[in-house]
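Structural features, examined
Each chain, letter by letter, is given below.
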Amino acid sequence: MNLDLKNRKIILGVTGSIAAYKAPELARLLIKSGADVQAVITEAACNFVTPLTLETLTGHKVVYKMFNSTTDPLEHINLAKNADLLLIAPASADFIARAAAGRASDLLSAITLAYAGTVAFAPAMNTNMLNNRATQKNIKILTDEYGWNIIEPASGELACGITDKGRMESPETIVQSVTNFFNRDLEGHKIVITAGPTVEDIDPVRFISNRSSGKTGYAIARNAALRGARVVLISGPTALIPPENITVINVRSALEMRQAVLEESDDAHLVVMSAAVADFRHETIETKKIKKETQNDSLEIKLVKNPDILLEIGEKYKKSKSPVIFGFALETDNLLTNGKAKLEKKLADMIIANSAKDALEKETTKVIFIHKDGRVNETDEIPKQSLAKLILDEYLSINPLSV
Ligand code: CTP
């Protein structure tokens, strides 16, 4: 029997979606994998599944009332303190909205607010509810701002009769995802990741930059941290909140990013250059605002080339096995040819090539992995979180014994 979840304490939060009928099966499979499961259900969920069913399966009293005189008044704090994972499955649209807003209006949302560890939501709802901008915005808050995980809903027949996306993932797949959360296969590895754009100042109020959101780099940082790596995230200015338990070095310009990368790479096992480094900077940053009265009808600014950080570390470490170096190639045309050229020129171990239209400012992306040994694999269009996992899996397949 596979006991991947042995000694793991999991709070299974069940909310008011018809998919709550699958929660007992999910609890059973988690327990079968060795987990100790404490179910907490919302009052809405009691319409779909009884506390007694979950109590019988888990062997623990199921709690659902915030102000129940027979229970511990600090129940939400104590439950939140002792768990390794808070898994909300199914997560209804309403519960996701409450969690995104930081509400504590019932026991499960109070536990969610009080919990500091890994949180995962398995949404289940009607497709229109899922696609609604409010729900999408709330899911984005959970992932991008709070660093929580979404186990993407599947496509299939929904309770409303249509076949579309919105069905809670199967209990088997959820257990697999949960097992992955506890997979510490990057423990002992130091991973340096650059992310976001660089900003090249022209004068105190103007700058040159690009449209990189930083999402891919932050997703790699999050996945690496979850898998036990020591992560250093060197980030240009972004609107994202970095995951916990990592070192963040905030930089602005390409020169600052270069400095940080060089300082952090010597003892790194992997460097992932996902930042969109500006290729040019203003020759001299004006100390005073450039006034239009002092110019004629046009303004000429002189840009000079920035150092190519990837090329520099590629050359620096070309004779040593460590760190493994991954670069990106962002292209508008000839993705494969340009990606291969960058791999060769910059001496990287792998280039992840993506096209600007597939990647910029989006939640999903589609890439080609171009390896030094000549292998080329193309992904489907996948969420950036899934890409992050694939990139780190590729690294482990190249460098499993580096630590
Ligand atoms: N890169 C870098 N330093 C630079 C420019 C790019 O380290 N000054 C890295 C990026 O982080 C990325 C890879 O090089 O990993 C390729 O970046 P990309 O913008 O696709 O290509 P460039 O080398 O800038 O070439 P071009 O803009 O001509 O396509």
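To keep things clear, this report deals only with the structure shown in the data block. Along each chain, numbering runs from 1 in the same order as the chain's sequence is written. Selection of residues for local features in this predicted model requires a pLDDT of at least 70, selection of side-chain atom pairs for listing and counting requires 80 or more, and totals for whole chains, interfaces and linings are taken over all residues. To obtain the side-chain values, all non-hydrogen atoms of the structure were used and water was disregarded.

Secondary structure assignment for the protein chain yields 14 helices and 21 strands. Only C-alpha atoms enter the radius of gyration; for comparison, a globular chain is expected to reach 2.2 Å times N to the power 0.38, where N is the number of residues. The C-alpha atoms of the protein chain give a radius of gyration of 24 Å, which matches the 22 Å a tight globule of 403 residues would have. Taken over the C-alpha atoms alone, the protein chain extends approximately 75 × 55 × 40 Å along its principal axes. Only protein chains enter the area calculation, which uses a 1.4 Å probe; residues under 20% of their type maximum are buried, those over 50% are exposed, and those in between are partly exposed. Across the 403 residues of the protein chain, 50% fall into the buried class. Taking all contacts inside the protein chain whose residues are at least 6 apart in sequence as the whole, residues at least 24 apart take part in 68%. When the accessible surface of the protein chain is totalled, it reaches about 19,700 Å², and 50% of it is carbon and sulfur. Each charge class in the protein chain can be summarised by its mean position, and for the 48 positive and 50 negative side chains these summaries are 1 Å apart. Each helix is a run of DSSP H or I of at least 4 residues and each strand a run of E of at least 2, with the numbering of both proceeding from the N terminus. The contact definition used throughout considers only heavy atoms, calling two residues in contact when any of these lie within 4.5 Å. Using a 1.4 Å probe, the Shrake-Rupley method yields the accessible areas, and only the shown protein chains count as cover for residues. Under the convention used here, Asp and Glu are negative, Lys and Arg are positive, and both His and the chain ends fall outside the count. Taken as the charge location is NZ of Lys, CZ of Arg, CG of Asp or CD of Glu.

Here we come to the site of the ligand. We call a residue near a molecule or strand as soon as one heavy atom of that residue lies within 4 Å of the molecule or strand. Near the ligand, the surroundings consist of 14 residues, among which Met-273, Ala-275, Leu-310, Phe-328 and Lys-346 are the closest. Measuring from an oxygen atom of the ligand, one finds a backbone N or O atom of Phe-328 at 2.8 Å. In the analysis that follows, any N or O atom pair within 3.5 Å is treated as a polar contact, provided that within protein one partner can donate a hydrogen and the other can accept it, and provided that, for residues neighboring in sequence, both atoms belong to side chains. With respect to the ligand, the backbone of Leu-330 contributes an N or O atom lying 2.9 Å from an oxygen atom. Burial of the ligand by the protein amounts to 78% of the accessible area it has alone, namely 570 Å².

On to helix H4 (residues 93-101). Among the residues making up H4, those that are buried are Ala-93, Phe-95, Ile-96, Arg-98, Ala-99 and Ala-100. Considering only its buried residues, H4 is in contact with strand E3 (85-91), helix H5 (107-114), strand E4 (118-123), helix H6 (127-131) and helix H7 (133-145). Phi turns positive, to about 75°, at Gly-102, one or two residues after H4.

So, on to the packing of aromatic side chains. Side-chain rings of Phe, Tyr and Trp (the six-membered ring for Trp) are treated as a pair once their centres are within 6.5 Å; stacked means planes under 30 degrees apart, edge-to-face means over 60, and tilted covers the remaining angles. Taken as a whole and assessed by the stated rule, the structure comprises 3 aromatic pairs. Arranged with centres 5.8 Å apart and planes meeting at 25°, the rings of Phe-121 and Trp-148 form a pair that is stacked. Of this pair, Phe-121 sits in strand E4 while Trp-148 sits in the loop between H7 and strand E5 (149-150); the two residues are 27 residues apart in sequence, bridging distant segments of the chain. Using a relative accessible area of 0% as the deciding quantity, one classes Phe-121 as buried. Measuring from ring centre to ring centre gives 5.1 Å for Tyr-146 and Trp-148, while their planes differ by 70°; the resulting arrangement is edge-to-face. Judged by relative accessible area, Tyr-146 falls into the partly exposed class, the value being 32%. Members of the aromatic cluster, connected to one another through ring pairs, are Phe-95, Phe-121, Tyr-146 and Trp-148.

So, about the side chain of Lys-190. Within the secondary structure, Lys-190 is located in strand E8 (residues 190-195). Judged by its relative accessible area of 3%, Lys-190 is buried. Within the structure, Lys-190 has its side chain in polar contact with the side chain of Glu-264 (distance 2.8 Å). Excluding residues within four positions of it along the chain, Lys-190 makes contact with Arg-230, Val-232, Glu-264, Asp-267, Ala-268, His-269 and Leu-270.

This part takes up the pairing of strand E17 (residues 350-355). Most of E17 is tucked away, with 6 of its 6 residues classed as buried. Side-chain alternation along E17 places Met-350, Ile-352 and Asn-354 on one buried face and Ile-351, Ala-353 and Ser-355 on a second face that is also buried. Here a strand pair is declared whenever DSSP counts at least two bridges between the two strands. Bridge count for strand E16 (residues 324-331) against E17 is 6 bridges, and the pairing is parallel. Pairing of Phe-326 across the sheet is with Met-350, part of E17.

With that settled, consider the environment of Ser-17. With respect to the helices and strands, Ser-17 occurs in the loop between strand E1 (9-14) and helix H1 (23-32). Setting aside residues up to four positions removed in sequence, Ser-17 forms contacts with Phe-48, Pro-90, Ser-92 and Ala-124.

If you walk across this open sheet you meet the 5 strands as E2-E1-E3-E4-E5, and the pairing is parallel. Either end of the sheet is taken by a strand with one partner, and the two such strands are strand E2 (36-41) and E5. In the sheet, E1 pairs with E2 via 6 bridges, with the strands oriented parallel. Within the sheet, the bridge partner assigned to Lys-9 lies in E2 and is Asp-36.

Now for a nonpolar patch on the surface. Patch membership requires more than 30% relative accessible area and the absence of a salt bridge. Residues of like charge join within 9 Å; the nonpolar side chains Val, Leu, Ile, Met, Phe, Trp and Tyr join within 5 Å. Salt bridges, as used here, are contacts in which a Lys or Arg side-chain nitrogen is within 4 Å of a carboxyl oxygen on Asp or Glu. On the surface, Phe-280, Leu-299, Ile-301 and Leu-303 cluster together into a nonpolar patch covering about 320 Å² of accessible area. Using a relative accessible area of 47% as the deciding quantity, one classes Leu-299 as partly exposed.

Our focus in this paragraph is the pattern of salt bridges. Going through the model one piece at a time under the given rule, you end up with 23 salt bridges. In this structure, the salt-bridge partner of Asp-201 is Arg-252, at a minimum N-O distance of 2.7 Å. Pair noted here: Asp-201 is in strand E9 (residues 200-203) and Arg-252 is in the loop between strand E12 (247-250) and helix H10 (254-265), with a separation of 51 residues, a long-range link. We classify Arg-252 as partly exposed; its relative accessible area is 32%. Measuring nitrogen to oxygen at the nearest pair gives 2.7 Å for the salt bridge that ties Asp-308 to Lys-346. Within this pair, whereas Asp-308 is found in the loop between strand E15 (303-305) and helix H11 (309-316), its partner Lys-346 is found in helix H12 (residues 335-346), the two being separated by 38 residues in sequence. Judged by relative accessible area, which is 28%, Asp-308 ranks as partly exposed. Among the charged side chains, a network of salt bridges with common partners joins Asp-185, Arg-227, Lys-389 and Asp-393.

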